[in-house]
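Take a look at the letters that make up each chain.
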Amino acid sequence: MPKFTAVMDHVFAASPETIFHYFADHSQFMALLGAKGTRIKDGNDGHVNGLGSVRKITLPPPAFEETILTFKPNSLLEYTITKRGLVKNHWGRIEFHPTAEGGTRLHYTIVFDQKIPCTGGLIVKMLKGSFDKNVAKLKL
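The sections below set out a description of the structure shown in this document. Fair warning: this is a prediction, and the values are worked out from it, not measured in the lab. (Residues numbered from 1 in each chain as written. Predicted model: local features only at pLDDT ≥ 70, side-chain atom pairs only at ≥ 80, totals over all residues. Heavy atoms only, no water.)

Details of the overall build of the protein chain
The helix and strand tally for the protein chain stands at three helices and seven strands. In sequence order, the protein chain lays out its α and β elements as β-α-α-β-β-β-β-β-β-α. With respect to the principal axes defined by its C-alpha atoms, the protein chain has extents near 45 × 30 × 30 Å. In the protein chain, which comprises 140 residues, the share counted as buried stands at 46%. For the protein chain, the share of sequence-separated contacts (at least 6 apart) that also reach a separation of at least 24 residues comes to 47%. (Helix = DSSP H or I, 4+ residues; strand = E, 2+ residues; numbered from the N terminus. Buried < 20%, exposed > 50% of the residue type's maximum accessible area, 1.4 Å probe, protein only. Contact = heavy atoms within 4.5 Å.)

Quick look at the packing of aromatic side chains
Taken as a whole and judged by the stated rule, the model has ten aromatic pairs. Between Phe-4 and Phe-112, the aromatic rings sit 5.6 Å apart at their centres with planes inclined by 15 degrees, giving stacked as the arrangement. Here Phe-112 lies in strand 7 (residues 104–114) and Phe-4 lies in strand 1 (residues 4–12), a separation of 108 residues in the sequence. With a relative accessible area of 21%, Phe-4 lands in the partly exposed category. The class for Phe-112 is buried, based on a relative accessible area of 1%. Taken together, Phe-12, Phe-20, Tyr-22, Phe-23, Phe-29, Phe-71, Tyr-79, Phe-96, Tyr-108 and Phe-131 form an aromatic cluster joined through their ring pairs. (Phe/Tyr/Trp six-rings, centres within 6.5 Å; stacked < 30°, edge-to-face > 60°.)

Remarks on the pattern of salt bridges
In the structure shown here, the tally under the stated rule is five salt bridges. For the salt bridge of Arg-39 with Asp-42, the shortest nitrogen-to-oxygen distance reads 2.8 Å. Using a relative accessible area of 42% as the deciding quantity, one classes Asp-42 as partly exposed. Where Glu-66 meets Arg-55, a salt bridge forms, and the shortest distance between an N and an O atom there is 2.7 Å. Residue Glu-66 is found in strand 4 (residues 64–72), and its partner Arg-55 is found in strand 3 (residues 54–58); the two are separated by eleven residues along the sequence. Among the ionic contacts, a cluster of salt bridges with common partners joins Glu-78, Arg-93 and Glu-95. (Salt bridge = Lys/Arg side-chain N within 4 Å of Asp/Glu carboxyl O.)

This is the structure we're talking about:
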C-alpha cells in the first residue's frame, strides 16, 4: 500500500459535465497542476483523452508519462504514471459528485511511494499547493 496520499476537494458551481470536460482534457488538466505537456497517445474508447490515452508531462525534468485507467464521463477519472516519474506505485483518482445546488463536488486523491528518500511529504505539499492555487483561479 502506498505510503503518501494527497487529498484535494473543491466545490464548483458548474455541472459535473462541465467540470469533467475540463479535467478530462489533458492540456487543461496539466495547466491546472502548473505543468506543461502533451497527449502522446489517443484513448481507445472513442475519446481522445479517454481510456488508454497517454500524456507526457514536463514539470521540472525528468518528463514522465501518465496513462488513463478509468474514464467514466461526468463521474470518474483514474490514471497512473507508466513511464519514469519521481514516484512509484502512483495512482490518481478524480471523482465528480453532483451537488443539490446543481454544482459539482470534486474529490481528488493521489497515492504513491517515494523513490527518493525524504521527498514524499514535499511532493504531497507541492501537489496540494499547486492544485489549491490554480483551482481557485478557474472560472467555470
